Amino acid sequence: MAQLLTERTVLTTLAALAVLGMFVLLCRARRVSTSVEDATLAALHRVTSAAPYLREGLNQESADKTGPHLRELLACVAVGIVDADGTLLTWDGEANHHYADLRTKIEQVLRTGKRDFLDHGDVVCEQRPCPMRHAAVVPLEVEGQVRGVLTVIAGGDRKRLLRAAAEVAHHVSTQLELAELQESKERLAQAEVRALRAQISPHFIYNALNTISSLIRTDPEHARDLLQEFADFTRYSFRNSGLYTTLADEIRNIDRYLTLESARFGPDRLNVQLKIAPEVLPVVVPFLALQPLVENAVRHGLANKPGGGTVSVTAEDNGSEALISVDDDGIGMDPELLDAELANAHLTGAHVGLGNINNRMRATFGNDYGLVVETEKGAGMKVIMRVPKFAPGVRPEPLATVEEPSVGLAAGPAAGR
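Being a predicted model, the structure only gives us computed values, none of them experimental.

Turning to the sheet that holds strand β1 (residues 78-83), a few remarks are in order. Strand order in the open sheet made by the 5 strands is β2-β1-β5-β4-β3, with antiparallel pairing throughout. The strands lining the two open edges of the sheet, one partner per strand, are β2 (88-93) and β3 (116-119). Each strand axis lies, on average, 15° off the axis of its neighbour in the sheet, ignoring direction. Alignment of β3 against strand β4 (residues 134-142), held across 4 bridges, turns out to be antiparallel. Within β4, the residue paired with D119 across the bridge is H134. The strands touched by helix α2 (residues 60-74) are β1, β2 and β5 (145-154); relative to β2, the strand with the most contacts, the crossing angle is about 35°. Where helix α3 (residues 99-112) meets the sheet, it contacts β1, β2, β3, β4 and β5, and its direction lies at approximately 150° from that of β5.

Of note, the bond from R128 into P129 is cis; its omega dihedral lies within 30 degrees of zero at -10°. One can find P129 in the loop between β3 and β4. You will see that E143, though not glycine, has its phi angle at about 55°, which is positive. Looking at the secondary structure, you find E143 in the loop between β4 and β5. Taking relative accessible area as the criterion, E143 reaches 65% and is therefore assigned exposed. Positive phi, normally seen in glycine, also occurs at L288, with a value near 60°.

Let us now look at the sheet that holds strand β7 (residues 270-276). On the basis of which strands lie adjacent, the open sheet formed by 5 strands has the order β7-β9-β10-β12-β11 and mixed pairing. Looking at strand neighbours, the two that pair on one side only are β7 and β11 (372-375), the edges of this open sheet. Along the sheet, successive strands turn relative to each other by an average axial angle of 10°, direction set aside. Packed on one face of the sheet, helix α7 (residues 247-265) meets β7, β9 (309-318) and β10 (321-328) and runs near 165° to β7.

Moving on to the environment of Q175. Structurally, Q175 can be placed in helix α4 (residues 158-199). Take Q175: its relative accessible area is 8%, and that puts it in the buried class. For the pair formed by Q175 and P52, sequence separation is 123 residues and the distance between their alpha carbons is 8.4 Å.

With that settled, consider the side chain of N358. Its location among the elements puts N358 in helix α11 (residues 352-365). Setting aside anything within four residues of it in sequence, one finds N358 in contact with G370 and L371.

Counting 50 residues, the largest nonpolar core has L293 and M385 as its most contacted members. No other element matches the 7 residues that α7 contributes to this core.

Bridge count for β11 against strand β12 (residues 381-388) is 4 bridges, and the pairing is antiparallel. Paired with E374 across the strands is K382, a residue of β12. Between β11 and β12, which follow one another and run antiparallel, lie 5 residues, and G378 among them has a positive phi close to 85°.

In this section: the packing of α7 against helix α8 (residues 291-302). For the pair α7 and α8, the least separation of the axes is 9 Å and the interaxial angle reads 20°. Classed by the angle they form, the pair α7 and α8 counts as roughly parallel. The element α7 and its partner α8 pack so that their crossing is right-handed. Mapping the contact onto sequence places E250, N253, I254, Y257, L258, E261 and F265 in α7 and Q291, V294, E295, V298 and R299 in α8. Split by residue class, the contact of α7 with α8 holds 6 nonpolar, 2 polar and 4 charged.

Bringing the environment of S213 into the picture now. Of note, S213 is situated in helix α5 (residues 202-215). Taking the C-alpha atoms as reference, S213 lies 9.3 Å from L227; in sequence the two are 14 residues apart.

Let us look at the pattern of salt bridges. Inspection of the entire model under this criterion finds 11 salt bridges. Here E295 makes a salt bridge to R299, at a shortest N to O gap of 3.7 Å. Taken together, the positions of E295 and R299, both in helix α8 and 4 residues apart, correspond to about one turn of that helix. Since its relative accessible area comes to 5%, E295 is described here as buried. Given a relative accessible area of 36%, R299 falls into the partly exposed group.

We now examine the side chain of D119. Position of D119 relative to the elements: it lies in strand β3. Looking at D119, its side chain comes within polar contact range of the side chain of H134, at 2.6 Å. Setting aside chain neighbours within four positions, we find D119 in contact with M132, R133, H134 and R158.

Procedures and definitions
Residues numbered from 1 in each chain as written. Predicted model: local features only at pLDDT ≥ 70, side-chain atom pairs only at ≥ 80, totals over all residues. Heavy atoms only, no water. Pairing = 2+ DSSP bridges. Helix = DSSP H or I, 4+ residues; strand = E, 2+ residues; numbered from the N terminus. Axes fitted to C-alpha atoms, helices over the stretch in contact; angles between N-to-C directions. Contact = heavy atoms within 4.5 Å. Buried < 20%, exposed > 50% of the residue type's maximum accessible area, 1.4 Å probe, protein only. Core = buried A, V, L, I, M, F, W, Y, C linked by side-chain atoms within 4.5 Å. Parallel < 35°, antiparallel > 145°, perpendicular 65-115°, else oblique. Left-handed = near helix turned anticlockwise from the far one by under 90°. Nonpolar A, V, L, I, M, F, W, Y, C, P; charged D, E, K, R; others polar. Salt bridge = Lys/Arg side-chain N within 4 Å of Asp/Glu carboxyl O. Polar contact = N/O pair within 3.5 Å; in protein donor to acceptor, adjacent residues only side chain to side chain.

Right, dumping it as structure tokens:
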């Protein structure tokens, strides 16, 4: 009996020790797992923290803000960033007395686009102890061209340093490429706005001024009002910069345009209907997104229709979007012919405004936000535009306008309509 109790005691003790051992192993594994997770999260935080500054392009301000994040990400002694001209933009950390020793390496990397390294034993150093053991000099490349150099100073293993520096340099290069892509996108959008401005019909300007001049003697007050409308229309349409505006501003501008065209055609030939829901007025749209559509309706839809017709502009609340349409009961056109003309608009110049706005809507809000056109020969045309109420990076900007001397009728107080 005593022997049986002794065996049971031993077995119980062994079982308890086994459970305890498993618990220790699990705790240790959990600690290791937690440590790895924490390190991963910290690295992701540093990467995402540096990215917004890098997407501003490579300059001293962005480099100064990026340097500390890169140094902590690499857990190194120091990080230096040099631009394509060889100018040191930032140096974050210690061992800056070795920058002079790195100059030759940096210039060589800028020329060749190939990474290089420097060992502490290869230079003369009077500082004891010196935190630097190795330095990696890695190119920052965008589309095969060297845009700068990343220099990493470390006190540890050289092989690990070279690999880590190459990975971080690749990340930095990717962000710089995105910065250049964004800049190119903005330049393209500005070029498209300039193209739309160029499409504002010279005939409209001539006809508007001719209409105003014909009223100066017979109805000077009406002529004064129209001249003010014309001045406000051109001032808005030829703003110096800015890619986005509010729907309220766009509606106000097309109202000016239609006021001038109504004075020319007469109320019997050009009827105008504006149905705008107040809640969608603050929605942000691409600059000059509506006026070309309205001008297209007047010039191509109604001008050639005997007796004229009606242009309707509607803006409705549609949940997370604004639903905008420009509708006319003019002559319309064959849908297949319209598709063919839009496909070759960049070559023929036909319907440039319509194709331009369609491209800008898709580039701004995504491919799902292209224009929808409903038309048939003899049945008018309807252009439908969906605009999200919120889109990242899409906001109206305070814009400078074309400066005009305050002389003549435009210098007087604004007349009520």
